[in-house]
Amino acid sequence: MRSYTITEIWDIPIRINTSLLIFLPILAWLIGSGQQIELYAGFIEGVTGSEFDLSQLRAGTTPWLIGIAAAIGLFVSVTLHELGHSWVALRYGIEIDSITLWILGGIASLKTFPKEWDREFWIAIAGPLTSVLVAAVCYAGVLIAPNSFQVSRFIVGYLALTNLILAGFNLLPAFPMDGGRIFRALLARSRPYGTATRIAARVGVLFAFLFAIVGVLTFQLILLLLAFFIYGAATTESRSVLLDELLEGITVGDIMTRDPATISADATLEEFGGRMLRERYPLYLVTDDTGAVLGIITLDDVQKARGKERGTTRVEEVMRVVSRVEPTDDAFDTLAVLNQSGSVNALVEENGEPVGVLSQSDYAHAMTVRRGFQSGITG
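Predicted model only: the values in this text are computed from it and were never measured.

Peer 1: What is the right way to read the overall build of the protein from this model?
Peer 2: If you tally the helices and strands in the protein, you get 14 helices and eleven strands. In terms of overall dimensions, the protein is more spread out than a globule: its C-alpha atoms have a radius of gyration of 27 Å, far above the 21 Å expected for 379 residues. With the C-alpha coordinates aligned to their principal axes, the bounding extent of the protein is approximately 85 × 50 × 40 Å. Looking at the protein residue by residue over its 379 residues, the buried ones come to 45%. A separation of at least 24 residues holds for 62% of the contacts in the protein among residues at least 6 apart in sequence. Accessible area of the protein: about 20200 Å², with a carbon and sulfur share of 60%.

Here it is as structure tokens:
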């Protein structure tokens, strides 16, 4: 779903996902319902010893005000939690792309994740520690607030409890949640980073199945969504680390296809098809009369142009403009950028001149060779 930037803190865009905008009114209604107010009032009284007048908390539109304020306060707390991660990451010189608030909480998107176990440990644990600190401040607020401030004391007490729950829940070793990253960091003290990631990811998948089972048995949609998120994120990051290991030390120039075939932008699709059939190249650079590269064309581009007359439609009309990279660029970092842009191909240029192309087949070949050599060495 789409996200909207609402402000910036430390030059970090704070974004709200559409799912949160949909969920917030529901959460406010759930918190403000009479049973929930009574339940949380009992918890707060048990922990702090402060008493609440339930008749005041339930009077008129007060439950709605409590629900709205508590729901907003909860996601402000989540923002502080993510800022805790971000503050430590910034201390290590790691850039933060954004903080996004969504239906399951918040995500601080780091541009790079450190492979040093101690850095990852402190970045991961900073969030729960921040939540504990917020809970302590709210707890103190309940104790010092005048008894006449019933609504304010209830909301602050609610935030104290939920921040403590937030910290505890995030410490579960369900990778890639905070606890799972802490778990990976501790594993990485004595194991290779990739091995630590795979172990942590397997544990994360087990938690995902556990959350899914509990979610089905208790009809908790949030747990089901969390299960899908953890499963997808854990497996994706595990694959990403595996790719990073396989492509370690490899540049774009090491794996690119040199001297790629070219075709004139004025050529028809019929002519292009004939050349592909004869020459068997999977990809062609599209050039103009001066030899400048305008884009790339593949068989997929032709297939997407169904309905067009092959004999009159020019290559230029169906080609794709692709990213341009340099031979010295890191292969893994380039792959990440291509995936983000939704492209699978790139033009490789050196000093402004095309020297090759980069495609998925180049990556597949490089990883096959690397995997084969690694298995041969270990075997």
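Peer 1: Would you take a moment to explain the pattern of salt bridges for this structure?
Peer 2: Proximity of charged atoms lets side chains of opposite charge pair with each other. Scanning all chains against the criterion turns up six salt bridges. Of the charged contacts in the structure, one is a salt bridge between Glu120 and Arg184, with a shortest N-O distance of 2.5 Å. Of the two residues, Glu120 is situated in helix α5 (residues 117–144) and Arg184 in helix α7 (residues 178–187); the sequence distance between them amounts to 64 residues. Across the pair, exposure class does not vary: Glu120 and Arg184 are buried alike. Salt bridges sharing partners connect three or more residues here, namely Asp266, Arg314, Glu316 and Glu317.

Peer 1: Help me understand the sheet that holds strand β5 (residues 257–258), please; the structure alone is not making it clear to me.
Peer 2: Working definition: the strands of a sheet are paired by backbone hydrogen bonds and lie parallel or antiparallel to each other. Strand order in the open sheet made by the four strands is β5-β11-β10-β9, with mixed pairing throughout. Pairing within the sheet leaves two strands with one partner each, and these edge strands are β5 and β9 (323–325). As paired elements, strand β10 (residues 346–350) and strand β11 (residues 353–358) share five bridges and run antiparallel to each other. Looking at the pairing, Glu350 lines up with Glu353 of β11.

Rules used throughout
Throughout this description, residue numbers start from 1 for each chain and increase along the sequence as written. A pLDDT threshold of at least 70 governs which residues receive local features in this predicted model, and a stricter bar of 80 or more applies before side-chain atom pairs are shown or counted, although totals over entire chains, interfaces and linings include all residues. Only hydrogens and water are removed before side-chain values are computed, so all heavy atoms of the structure are retained for them. Going along the chain from the N terminus, every DSSP run of H or I of four or more residues is numbered as a helix, and every run of E of two or more is numbered as a strand. Put simply, the radius of gyration uses C-alpha atoms, and a globule should come to 2.2 Å times the residue count raised to 0.38. Throughout this description, buried means an accessible area under 20% of the type-specific maximum (1.4 Å probe, protein chains only), exposed means over 50%, and partly exposed covers the range between. Every residue pair with non-hydrogen atoms within 4.5 Å of one another is taken to be in contact. Per-residue and other accessible areas follow the Shrake-Rupley method at a 1.4 Å probe size, with only the shown protein chains counted as cover for residues. A carboxyl oxygen of Asp or Glu within 4 Å of a side-chain nitrogen of Lys or Arg is what we treat as a salt bridge. Following DSSP output, two strands are said to pair if at least two bridges run between them.

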